[in-house]
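Given next are the chains, with one letter for each unit.
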Amino acid sequence: MSGAHWDVIVVGGGNAALCAALSARESAQRVLVLERAPEAEAGGNSRFTAGSMRVVYNGLDDIRRIVPDLTTEEIAKTDFGTYTEEEFLDDMGKVTQYRCDPDLTEMLVKGSLAAVLWMRSKGVRFVPIYGRQAFKVDGKFKFWGGLTVESVGGGPGLVDSLTRAAKKNGIEIWYSARAVSLLSDDDGVHGVRVKREGGTIEVGSGAVVLAGGGFQANPEWRTRYLGPGWELAKVRGTRFNTGDVIRMALDIGAAPTGNWSGCHAVAWERNAPEFGDLAVGDQFQKHSYPFGIYLNAEGRRFVDEGADFRNYTYAKYGRVVLGQPGQFAWQVFDKKVAHLLRDEYRIKQITKASANTLEELVEKLDDVDARAALEEIRRYNAAVRIEIPFNPNVKDGRCTTGLTVNKSNWANVLDTPPFEAYAVTCGITFTFGGLRINTDAQVISTDGEPIAGLFAAGELTGGIFYFNYPGGTGLTNGSVFGRIAGANAAKAAKSESQPKRVAGT
Ligand SMILES: Cc1cc2nc3c(=O)[nH]c(=O)nc-3n(C[C@H](O)[C@H](O)[C@H](O)COP(=O)(O)OP(=O)(O)OC[C@H]3O[C@@H](n4cnc5c(N)ncnc54)[C@H](O)[C@@H]3O)c2cc1C
């Protein structure tokens with residue numbers, strides 16, 4: 001074992017890990033973060049995010065606690081509404097088909113505001129998400145979908161602020177340091193075996209927090225657990241989350257739990273690279289489909305684009321796109337909704353077709369049966385209930401009727417040129433299955449007992465997300481449980497350093 005002995009070692013360098021490290025440092029002296037990525041690529045999936053966080057708030061007063069520098073002008077022009085504990089719990093229940101672990105979900109929901117305020121106290125700043133989560137109607141921005149704040153500077157800003165706070169608090173971070181296994185015996189976990197600078201060393205600690213992400217960047221595990229075809233998905237974020245850290249824990253008897261065949265996956269630029277590109281971040285995503293239609297290679301619609309606000313459908317529709325012939329689809333819009341398209345539709349790295357007539361447009365859709373596509377658009381146009389008013393801020397019920405696949409909300413006739421179409425494939429965000437933890441963020445063994453000295457938080461834990469996911473919950477999950485894991489790991493390290501009573505004395 002290498003000379004140094006740490007109170008707490010945190011494995012991972014994203015939001016959950018950095019929150020755990022900062023929390024541990026509130027009562028532990030020596031905290032070490034092991035980040036597999038080199039410094040230039042550090043920060044995990046957290047760095048690729050927009051920094052949006054789903055958090056309970058009971059009105060403007062809570063928003064002002066999160067964003068104290070809100071101006072009077074901003075307050076006057078905005079209806080923030082509320083997002084109550086009941087609504088968050090309800091959303092988690094609904095999107096996971098009531099499979100989410102009730103105890104962990106309650107911790108997540110009830111701890112969300114406190115966690116965000118705690119992050120603020122560490123130096124992370126937040127702003128309202130005006131561009132993406134509020135539309136202006138009658139001169140006032142109205143927030144919708146329970147997602148209202150994001151970190152300043154998005155994911156990169158979040159990781160920078162947390163890293164700065166960690167360094168300021170004397171937390172040591174080793175980059176390019178890949179944890180390969182846990183040091184454990186019958187008394188629990190005592191450190192980590194680490195591959196660093198070409199050699200493998202053993203680093204001892206009083207407790208270990210695992211926050212090393214899911215297995216989405218491992219095509220072999222994707223195919224094994226998510227199913228055939230998943231090796232063909234693109235990875236939206238970091239290439240370093242290959243399931244290493246989950247495996248390390250399983251190897252010493254940790255219990256797997258949750259939706260191992262499930263994942264978060266979205267519509268993603270068809271020609272995006274194999275892994276995320278930090279220069280583009282999350283902008284390869286294409287989330288405005290509720291205002292248009294999807295067409296596949298056969299020229300057919302295949303999903304209800306307007307089933308719900310995009311926050312509640314985007315994470316499951318990647319899988320639907322992956323299931324189409326050729327694993328791609330086109331999103332089609334007309335000029336009437338062009339102003340509603342998110343910023344990500346205006347980046348350079350995009351596969352786009354535009355035309356002044358529908359006949360011309362369908363000819364430009366690569367790999368699509370043009371004739372079938374034109375017929376499908378005409379069928380769709382004829383089925384729109386135009387007498388129902390269109391309103392992007394509410395589920396407006398402006399639907400189609402009589403189609404094989406109807407659209408439930410925001411159905412517009414595609415009749416106003418220019419028409420635009422964007423090619424997408426499936427981009428996987430993160431996997432849902434992982435390690436079983438309890439509400440103290442202790443890792444549970446296959447025998448059902450906590451493994452002494454071992455804690456976990458974030459993407460590599462299971463039991464919270466199933467089938468689908470309400471946007472902005474991944475970071476909140478990492479923050480709430482990272483904070484708990486860090487505090488409890490520090491406590492465990494302290495008790496481990498006390499002289500042990502010997503049986504019979
Ligand atoms: C493009 C994109 C956009 C997103 N947008 C949002 C959003 O706006 N809001 C939201 O809530 N969620 C969003 N998410 C989901 C969110 O990123 C994750 O839920 C969250 O960041 C997970 O945090 P984490 O700390 O658990 O994992 P990560 O941030 O992925 O961190 C895992 C860390 O573990 C490290 N690691 C892996 N293996 C090892 C090893 N063997 N040894 C040492 N270190 C290791 C990795 O290098 C990485 O630093 C988005 C994801 C992507 C990809």
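Worth saying up front: this structure is predicted, and the values here are computed from it rather than measured.

1. Quick word on the overall build of the protein
Along the backbone of the protein there are 13 helices and 22 strands. Taking 2.2 N^0.38 as the reference for a compact globule, 505 residues should give roughly 23 Å; the C-alpha atoms of the protein span a radius of gyration of 24 Å, in line with that estimate. Seen along its three principal axes, the alpha-carbon backbone of the protein occupies a region of about 85 × 50 × 40 Å. Relative to its full complement of 505 residues, the protein shows a buried share of 61%. Partitioning the contacts of the protein with sequence separation of at least 6, the portion at a separation of at least 24 is 74%. Only carbon and sulfur atoms are counted for the fraction: they give 48% of the accessible area of the protein, which is about 19700 Å². Charge separation in the protein, taken as the distance between the mean sites of 58 positive and 60 negative side-chain charges, equals 3 Å.

2. Considering the pattern of salt bridges
Under the definition given, this model contains 27 salt bridges. Among the salt bridges present, the one from D62 reaches R65, with a minimum N-O distance of 3.2 Å. Of this pair, D62 and R65 both sit in helix α2 (residues 60-66), separated by three residues, roughly a single helical turn. Judged by relative accessible area, which is 46%, R65 ranks as partly exposed. The salt bridge partner of K94 is D90, with a shortest N-O separation of 3.9 Å. Here K94 pairs with D90, and both are found in helix α4 (residues 85-95), just four residues apart, close to one helical turn. Judged by its relative accessible area of 40%, D90 falls in the partly exposed class.

3. As for the site of the ligand
Not every one of the 41 residues close to the ligand is listed here, only the nearest: E35, N45, S46, S52 and N241. Here an oxygen atom of the ligand sits 3.3 Å away from a polar atom, N or O, in the main chain of G474. Surface burial for the ligand is 97%, taken as the share of its 1000 Å² of free accessible area covered by protein chains. Elements with a minimum of two residues in the shell around the ligand: α1 (15-25), β10 (177-185), α9 (244-251), β19 (419-431) and α13 (473-497). Looking at the shell around the ligand residue by residue, the classes come out as 14 nonpolar, 20 polar and seven charged.

4. Some words on the side chain of K234
Inspection of the secondary structure assignment puts K234 in strand β13 (residues 234-235). For K234, the side chain forms a polar contact with the main-chain oxygen of A272, separated by 2.6 Å. The residues touching K234, leaving out its near neighbours within four places in the chain, are W268, R270, N271, A272, P273, E274, T425, C426, G427 and I428.

5. Some details on the nonpolar core
Ranked by size, the top nonpolar core spans 131 residues in total, and within it V8, L34, V192 and L210 carry the most contacts. Dropping the residues within four chain positions of it, V192 is found in contact with I9, V11, L34, A179, S181, L182, L183, I201, E202, V203, V208 and M248. Formed by 27 residues, the second largest nonpolar core is a distinct cluster that contains L361, V362, A370 and V413.

6. Here we look at the state of the cysteines
What the rule picks out here adds up to zero disulfides. We note that C263 lacks a disulfide partner, and the nearest cysteine sulfur, in C426, lies 6.5 Å from it.

7. Here we look at α9
Every buried residue belonging to α9 is among D244, V245, I246, M248 and A249, and all of these are buried. If you follow the buried residues of α9, they end up packed against β1 (5-11), β10, β11 (188-196), β12 (199-210) and β20 (434-435). With its phi angle positive at about 100 degrees, G253 sits one or two positions after the end of α9.

8. Things to note about the sheet that holds strand β6 (residues 134-137)
Taking strand neighbours across the sheet as the criterion, the three strands line up as β4-β7-β6 in an open arrangement whose pairing is mixed. Each having just a single partner strand, β4 (78-79) and β6 make up the two edges of the open sheet. Of the strand pairs in this sheet, β4 and strand β7 (residues 140-143) are connected by two bridges, and their pairing is parallel. Bridged to D79 within β7 is K142.

9. Things to note about the sheet that holds strand β8 (residues 149-151)
Taken together, three strands build an open sheet; the order of strands is β3-β8-β5 and the sheet is antiparallel. The sheet terminates laterally at β3 (52-53) and β5 (126-128), the two strands that pair on one side only. Direction of pairing for β5 relative to β8: antiparallel, over a ladder of three bridges. Across the sheet, residue F126 finds its bridge partner in β8, namely S151.

10. Concerning the environment of F275
Tracing the chain through its elements places F275 in the loop between β15 (263-269) and β16 (293-295). According to the relative accessible area criterion, F275 is partly exposed, its value standing at 23%. The residues touching F275, leaving out its near neighbours within four places in the chain, are A217, V235, G237 and R239.

Scoring rules and cut-offs
Residues numbered from 1 in each chain as written. Predicted model: local features only at pLDDT ≥ 70, side-chain atom pairs only at ≥ 80, totals over all residues. Heavy atoms only, no water. Helix = DSSP H or I, 4+ residues; strand = E, 2+ residues; numbered from the N terminus. Rg over C-alpha atoms; globule rule 2.2 N^0.38 Å. Buried < 20%, exposed > 50% of the residue type's maximum accessible area, 1.4 Å probe, protein only. Contact = heavy atoms within 4.5 Å. Areas by Shrake-Rupley, 256 points an atom, 1.4 Å probe, with all protein chains shown as cover. Lys, Arg positive; Asp, Glu negative; His and termini not counted. Charge placed at Lys NZ, Arg CZ, Asp CG, Glu CD. Salt bridge = Lys/Arg side-chain N within 4 Å of Asp/Glu carboxyl O. Near = heavy atom within 4 Å. Polar contact = N/O pair within 3.5 Å; in protein donor to acceptor, adjacent residues only side chain to side chain. Nonpolar A, V, L, I, M, F, W, Y, C, P; charged D, E, K, R; others polar. Core = buried A, V, L, I, M, F, W, Y, C linked by side-chain atoms within 4.5 Å. Disulfide = S-S within 2.5 Å. Pairing = 2+ DSSP bridges.

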